[in-house]
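Here is what each chain is made of, one letter per residue.
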Amino acid sequence: MNNAHWLLPEGIDELLPPRALQLEMLRRDLLDQFNSWGYDLVSPPFIEYLESLLTGTGGDLDLRTFKLTDQITGRTLGIRADITPQAARIDAHQLRREGPTRLCYVGTVLNTRNDGFAGSRSPVQIGAELYGHAGEESDHEILCLMLKTLERAGIDNVYLDLGHVGIFRALAQESGLDKQQELALFDALQRKAVSEIDALLDSYGLGADAHRRLTSLASLSGDDALERARHLLAGAGPAVQSALAQLERLAALLVEQRPDVPVHFDLAELRGYHYHTGVVFAAFVPGLGQEIARGGRYDDIGQLFGRARPACGFSADLKMLMRLGKAENLKQTTGVFAPAEDDPALRQRVDELRAEGRRVVVALPGQTGDAGTMCCGEALVKQGDNWVVKTL
């Protein structure tokens, strides 16, 4: 027999009992936390017109997005690979509030390729976005909410990587690089290929100061990166100095409120470079070589929706958070097994237990399998005229 009909595509997974319920309980718990911080839940569609999904995000998201033709309009549709642009559209076009707007979301996204979150092409993206405020205080709020989210999921020993895409962008502009040169240098910086960076800068014919500053970015990582950056990037323009000052103020806020969380800096880490405009960050845990949550500032993403509001946010894969979190943080429901008897008192007791939030499985006449088979650790047993719950 050919079992290929039952295989799932590579990178596509499904959850079975009891993990599916655990994921749902974690989802509810984290949304309750977002609500307690003042973040309003939105639920964007799984599919929409392609141009809306890709607005302001650059080419990376385009390559990750599944595309199809709308049989009604003939226009190209996209299956969302990231909910962040959808939240930006809602803020800019649907809500149109003047003051700060806090939104949160959770939903499945689909990627044409693995996006780095646990090798899945169908992560359940959960996140929060804050629109309408451009200061370090809103970056700090999003970072603290991300840390609380990871803690709520039962994940310990988190450390942060902080960077700022504005530093490289400003240095490239000051040096007069064209778009092709900037992208080639960007690619080399991501790989920290120092010899390749030197060769590219030599070919661009830059002055000694511009060459030195751009080359130094590859080495500006670690706990003391900001201190060294002040020396190595001395003489750079106001945009670079402003970005460094923003990182310093944000780091000071984190030290003040979250001294327990180690913070590392990497000024060559330019994740989301094509749409991020300021601070970028990611959360890691020891022993896992990939980020477990990420985010940053992306002030221009709403421009084509009619409002380029300041914006920052973070996202994570809910399924990864569940896998990494402590099992004891997920509530385990013990089922109560009820016999297949036509007794009004039994039916009433079953209704009472369910109203209390208990899980009750009622046996069906002639069924095979006992309480254990039905994943029940307790059973309703008749004592006199009453039905009582007994541990098995």
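What comes next is a walk through the structure. What you are looking at is a predicted structure, and each value in this text was computed from that prediction instead of being measured.

### Quick look at the sheet that holds strand β12 (residues 311-317)
- If you trace the nine strands from one edge of the open sheet to the other, you get β1-β5-β6-β12-β11-β10-β7-β9-β8, paired in mixed fashion. The open sheet has two free edges, formed respectively by β1 (40-41) and β8 (221-222), since each of these has just one partner strand.
- In the sheet, β8 pairs with strand β9 (residues 263-266) via two bridges, with the strands oriented antiparallel. Bridged to S221 within β9 is D266.
- Across the sheet, helix α6 (residues 165-174) touches β7 (159-164) and β10 (279-284), and the angle it forms with β7 is around 25°.

### Some words on the packing of helix α1 (residues 19-36) against helix α5 (residues 136-152)
- Contact geometry for α1 and α5: axes closest at 10 Å, N-to-C directions at 150°. The angle between α1 and α5 falls in the class roughly antiparallel. The handedness of the crossing between α1 and α5 comes out as right-handed. Mapping the contact onto sequence places D29, L30, Q33 and F34 in α1 and L145, K148, T149 and R152 in α5.
- Considering only residue class, the contact of α1 with α5 consists of three nonpolar, two polar and three charged.

### Topic: the sheet that holds strand β4 (residues 76-79)
- Read across the open sheet, the three strands follow the order β2-β4-β3; overall the sheet is antiparallel. Taken across any chain shown, the strands that pair with only one partner, and hence form the sheet edges, are β2 (47-49) and β3 (66-69). Across this sheet, the average inter-strand angle for adjacent strands is 35°, counted without regard to direction.
- Across three bridges, the pairing between β2 and β4 is antiparallel. Residue pairing for β4: I47 is matched across the bridge by I79.

### Section: the packing of aromatic side chains
- Counted by the stated rule, this structure contains three aromatic pairs.
- Relative to Y298, the ring of Y131 lies with its centre 6.5 Å away and its plane at 90°, an arrangement referred to as edge-to-face. Remark: Y298 occurs in the loop between β11 (293-297) and β12 and Y131 occurs in strand β6 (residues 124-131); sequence separation between them is 167 residues.
- Looking at Y131, the relative accessible area reads 2%, which means it is buried.
- With a centroid separation of 5.7 Å and an interplanar angle of 20°, the aromatic rings of Y159 and F284 are classed as stacked. Note that Y159 is positioned in strand β7 and F284 in strand β10, a separation of 125 residues in sequence.
- The cationic tip of R75 hangs over the ring face of Y49; the distance from NZ or CZ to the ring centre is 3.6 Å.

### Comments concerning helix α13 (residues 344-355)
- Spanning 12 residues, α13 covers 16 Å between terminal C-alpha atoms, matching the ideal 16 Å at 1.5 Å per step.
- Among the residues of α13, L346, V350 and L353 are the ones counted as buried. Buried residues of α13, seen end-on, are gathered within an arc of 65° and therefore sit on one face of the element. Every exposed residue of α13 that faces more than 90 degrees away from the buried side is listed here: P344, D351 and A355.
- Residues of α13 that are buried sit in contact with β13 (335-338), β14 (360-362), β15 (376-383) and β16 (386-391).
- Regarding α13, its N-cap is D343, as a side-chain oxygen of that residue lies 2.9 Å from the backbone nitrogen of A345 further along.

### A word on the pairing of β4
- Two elements, β3 and β4, share four bridges in a ladder whose sense is antiparallel. Bridge assignment links L68 to a residue of β4, and that residue is L77.
- Between β3 and β4, which follow one another and run antiparallel, lie six residues, and G74 among them has a positive phi close to 80°.

How each quantity is defined
Note on numbering: residues in each chain are counted from 1, in written sequence order. Given that this is a predicted model, residues contribute local features only at a pLDDT of at least 70 and side-chain atom pairs are listed and counted only at 80 or more, while totals for whole chains, interfaces and linings are drawn from all residues. Neither water nor hydrogens contribute to the side-chain values; these are computed over all heavy atoms in the structure. Strand pairing follows a simple DSSP-based rule, namely that at least 2 bridges must link the two strands. Counting from the N terminus, the helices are DSSP H or I runs at least four residues long and the strands are E runs at least two residues long. Residue contacts are counted whenever heavy atoms from the two residues lie within 4.5 Å of one another. Axis definition: a line fitted to C-alpha atoms, limited for helices to the stretch in contact. Angles are taken between N-to-C directions and run from 0 to 180 degrees. Any angle that falls under 35 degrees is termed roughly parallel, while one over 145 is termed roughly antiparallel, one within 65 to 115 roughly perpendicular, and all others oblique. Crossings are assigned a handedness: left-handed for a near helix turned anticlockwise from the far helix by less than a right angle, right-handed for a clockwise turn. Amino acids are sorted into nonpolar (Ala, Val, Leu, Ile, Met, Phe, Trp, Tyr, Cys and Pro), charged (Asp, Glu, Lys and Arg) and polar (every other residue, Gly among them). Only the six-membered ring of Trp is used, alongside the rings of Phe and Tyr, when aromatic pairs are assigned; centres must lie within 6.5 Å, and planes under 30 degrees apart are stacked while those over 60 apart are edge-to-face, with the rest tilted. Think of it in three bands: with a 1.4 Å probe and only protein chains considered, a residue is buried below 20% of the maximum accessible area for its type, exposed above 50%, and partly exposed in between. Any Lys NZ or Arg CZ found within 6 Å of a ring centre and within 35 degrees of that ring's normal is scored as a charge over the ring. The length a helix should cover is 1.5 Å for every residue beyond the first. Note that the arc is computed from the directions linking the helix axis to the C-beta atoms. Here a polar contact is recorded for every N or O atom pair within 3.5 Å, except that within protein the pair must consist of a potential hydrogen donor and a potential acceptor, and residues adjacent in sequence are included only if both atoms are side-chain atoms.

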